[in-house]
Amino acid sequence: MRPGDRVDVLLTKAKPGPEGKVVTLPLLQNLLVLAVGSSFTATDHDAAEGSSSSIALLVTLDQASLLAHARRDGTLNLVLRNEDDLEINESLAETDDSEIGRAHV
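Residues numbered from 1 in each chain as written. Predicted model: local features only at pLDDT ≥ 70, side-chain atom pairs only at ≥ 80, totals over all residues. Heavy atoms only, no water.

Asker: Can you help me understand the nonpolar core in this one?
Answerer: Where a protein is soluble and globular, its nonpolar side chains tend to be buried together. Judged by nonpolar contacts, Val 7, Val 9, Leu 11, Leu 27, Leu 28, Leu 31, Val 33, Val 36, Leu 57, Leu 67 and Ala 70 together constitute the single largest core of eleven residues. If you list the elements that add at least two residues to this core, you get β1 (6-14), β2 (22-36) and α2 (61-73). In terms of residues, this core owes the most to one element, β2, which gives five residues. Beyond its immediate sequence surroundings of up to four residues, Ala 70 is in contact with Leu 11, Leu 27 and Leu 76. (Core = buried A, V, L, I, M, F, W, Y, C linked by side-chain atoms within 4.5 Å. Buried < 20%, exposed > 50% of the residue type's maximum accessible area, 1.4 Å probe, protein only. Helix = DSSP H or I, 4+ residues; strand = E, 2+ residues; numbered from the N terminus. Contact = heavy atoms within 4.5 Å.)

If you want it as structure tokens, here you go:
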């Protein structure tokens, strides 16, 4: 991942209730990556080599609040987008264990 890339944020968490069902849901879409580690440019070799646990995203205050709350409730994962895919999908459903067996690769 490099500065200038776009990502989606997925949240995986346990749903409330007696069954303890774990779900993954799309939280935010098409966010701009500002920095990876200490690199703020896509051409910086430090960003291209290895990995970093620190990624800065361009978000609004509302989105930042949502991310902070979600981080407390579950696990956040970033998914790198195709550079030509800028579409926001409004009706994405959550995924649970039952979807894994039906996935077609």
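Asker: In this structure, what is going on with unusual backbone geometry? I would like to understand it.
Answerer: In terms of backbone geometry, most residues other than glycine have negative phi values and most peptide bonds are trans. Phi is positive for Asn 30, close to 60 degrees, though the residue is something other than glycine. Mapped onto the fold, Asn 30 is located in strand β2.

Asker: What exactly am I supposed to notice about the pattern of salt bridges here?
Answerer: The tally for this structure, following the rule as stated, stands at two salt bridges. A salt bridge links Arg 81 to Asp 8; its shortest N-O distance comes to 2.6 Å. In this pair, Arg 81 is assigned in the loop between β4 (75-80) and β5 (95-96) and Asp 8 in strand β1, connecting sequence segments 73 residues apart. The closest approach of N and O atoms between Asp 73 and Arg 72, which form a salt bridge, is 3.4 Å. In this structure Asp 73 comes out as partly exposed when scored by relative accessible area, which is 34%. (Salt bridge = Lys/Arg side-chain N within 4 Å of Asp/Glu carboxyl O.)

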